[in-house]
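Given next are the chains, with one letter for each unit.
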Amino acid sequence: MNAPSPTDGPVFGVDIQSGDVRGDAPTYALVILRPDDGDEGEAGVERDAVSRRKLRRLIEEAEPTRLAVDNMYELAADKNALVGFLRSLPAGTDLVQVTGANRPEPLSRVAQRYGVPYAKKPMKEAEAAARLAHRNVGQRVTAFGDTTTVKVSRGRSAGGGGGWSEDRFTRRIHGNVRKAAREVESDLDDANLEYEKEVTEKYGGLSNAVFTVEARPEDIPVSNTRNGDVRIEIERERRDGIEFEPLVKRRDHVVVGIDPGTTTAAAVVGLDGTVHDLFSSRTSDTAELTEWLIERGRPMLVAADVTPMPETVEKFRRSFDAAGWTPESDLPVDEKLHRTRDHAYENDHERDALAAALFAVDDHADQFERIAAKVPPKLDREAVIARVVSGEESVEAVVRELTDDGADEEDEQEHEERELTEEERRIRDLEAQVGRLKEHTEELEEELEEKENEIREYERELSDARKKERREARERREVNRLERRAERLERERDEAIAENEELHEKLARLKTLWKLDHSDFSDVAGDRDLVAVKTIPQFTRDAIDRADEEFGLAAGDVIYLRDASGAGTSTAERLAETEPRLVLKNGNLSEEADAVLFDHEIPVAPADPVTIQEVDELAVARESEVEEAIDDWEDRAEERRREQTESMMDRVISEHRADERLGGEGA
């Protein structure tokens, strides 16, 4: 993407003057550079201190080509807020961080390198940022891709309105959406833009049409509108995170990762770890990949993800006269996945190439910083880093050579360079060697300090590990003690449960024995006029058998039938076998059962006149009332027997008379 020319409009330089962007009311130093007015002269510069709200209003009104800052997070508190700020910028306005991308330099160093006036005051820093951005220095901050979505949809609900019928109203809205979609499509075609279209057909036309256009909003001849039935919304495609793009394409020094094979892949990464581009192909040759790499920078370090370096990668390294990098051992897949997790790639080959480049940058990061710290502001620090890393020269020698190369050309023309004597060449070589040795010594000292710090860290970790181990040992002992105690308590609990169950069984047996022991009950009853009653819920064989099994049925018992209905001859015979003293009943006995009990001379009486007190299956009644019930039954039985005798005699007489009558007729 080509950067817009800063001469197309004003350039804003901004620096926070007071307050905090996370607070309620930060104040900004604002410098407006208008190249058309004064070409960076005083006549073309406006300075003001503005609130955040006024800054947003001025950006919307003036639509500057660039909004320059030394730190993008002076305009937003976090990444989400920064994305929202970028979305609110006018279509032709770029946010520019003039100090670099992921590892920005101090603004003072950048300003000195490019000869821009600088002072440590907010207004001066804002002006320096504006002038640097005007000179195409810095990185464009973006959170959006070059794809834009244009959505044409209904501007109101298709549910009827006014005096229109619902069908007619809906058809009109969908028809207007179709018409607007055709106009947008025609405008995109006239602008020769590539796009994809998706439409949703509805009654009478379209409910919406979505155009995915390969262009930025400012390049699309359509704007956000809402007019009655139709609404047009334009939204840029958001990227996964915040990305940086140089304002102008420079052939910067880069680190290259290459993964050879049937599919050849390459990755180009900046010295600060910024991923510039990825490449993979099954058909490309060495010349094509070389040309692709040259277009994207000057490789100073070529890396592979395996060791030793493959011959194909080694050929690329030699062709660029670059330094090489390989890991101590082949990079595991999980480490490559973790290192490339924040970057998009199309296949495993691009991932491997990218991982090699990023690990190479990580491995040289400290060296890059040490070299950069020794480079004067006016020199290109990446050029110095490249020469030191790839040419194995000392920083001092490279800086001295580049400084000598930048001397006044007239002096070079006036004084012809004379040939050095052998002694002077020897001195020069020795000085270069001394410089390299000093640099190597510094590196060794730093490495020694790092090792000592690492040893101290390991000792601290060892001490912490021992403390942790002792603590865990104490905890294990305590856990074992508690487990033993828990096991003992569980055993005691199980024993108590078993003992409790045994006592319950013993109590049940005692109750059964007590219920069956009539002599004992008589002793208990004494002279209180009580008699034991055994309760049977229903007059059935099963109920009689169950009662006999649970508490026993013996001769002379008083039986209480809660429900005497429904019994037949066999059931009555089963009850008669127990030879009860008295049967108390609720309900009516069947004629068959009543006859069986009467034949066995078992007294049967209603239960209502007898006072029965029940506790579970145990019951008692008053002896006097039982005796009265038996006496009453005896009276009724005597009457019943007399009636049966009379009935039988009448039947015999009748039968005799019938026989005599039949005999007389026969004679």
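Structure: see above.
Residues numbered from 1 in each chain as written. Predicted model: local features only at pLDDT ≥ 70, side-chain atom pairs only at ≥ 80, totals over all residues. Heavy atoms only, no water.

### Notes on the sheet that holds strand β14 (residues 298-303)
Item 1. Strand order across the open sheet formed by five strands is β13-β12-β11-β14-β15, with mixed pairing between neighbours. Every interior strand has two partners, whereas the edge strands, β13 (275-281) and β15 (323-325), have only one. Sheet twist, expressed as the mean angle between neighbouring strand axes with direction ignored, is 25°.
Item 2. Alignment of strand β12 (residues 264-270) against β13, held across six bridges, turns out to be antiparallel. Counted as the bridge partner of A266 is F279 from β13.
Item 3. In the packing of helix α7 (residues 286-295) onto the sheet, contacts are made with β11 (253-259), β12 and β13, and the angle to β12 comes to roughly 15°.
Item 4. Of the strands in this sheet, β11, β12, β13, β14 and β15 are in contact with helix α10 (residues 348-374), which crosses β12 at around 30°. (Pairing = 2+ DSSP bridges. Helix = DSSP H or I, 4+ residues; strand = E, 2+ residues; numbered from the N terminus. Axes fitted to C-alpha atoms, helices over the stretch in contact; angles between N-to-C directions. Contact = heavy atoms within 4.5 Å.)

### Looking at the nonpolar core
Item 1. Formed by 33 residues in total, the largest nonpolar core has its most connected members in V255, M300, L301, I371, V384, I385 and V389.
Item 2. Where this core is concerned, the elements lending two or more residues are β12, β14, β15, α10, α11 (381-391) and α12 (395-405).
Item 3. At eleven residues, α10 tops the list of elements feeding residues into this core. (Core = buried A, V, L, I, M, F, W, Y, C linked by side-chain atoms within 4.5 Å. Buried < 20%, exposed > 50% of the residue type's maximum accessible area, 1.4 Å probe, protein only.)

### Quick notes on a negative patch on the surface
Item 1. On the surface, a cluster of negative charge is made up of E328, D363, D366, E369, E447, E449, E450, E452 and E454.
Item 2. Looking at the negative patch, the elements with two or more residues in it are α10 and α14 (422-516).
Item 3. Counting residues per element, the negative patch draws most heavily on α14, at five residues.
Item 4. Its place among the elements puts E449 in helix α14.
Item 5. The class for E449 is partly exposed, based on a relative accessible area of 49%. (Patch = residues over 30% accessible without salt bridge, like charges linked within 9 Å, V, L, I, M, F, W, Y side chains within 5 Å. Areas by Shrake-Rupley, 256 points an atom, 1.4 Å probe, with all protein chains shown as cover. Salt bridge = Lys/Arg side-chain N within 4 Å of Asp/Glu carboxyl O. Lys, Arg positive; Asp, Glu negative; His and termini not counted. Charge placed at Lys NZ, Arg CZ, Asp CG, Glu CD.)

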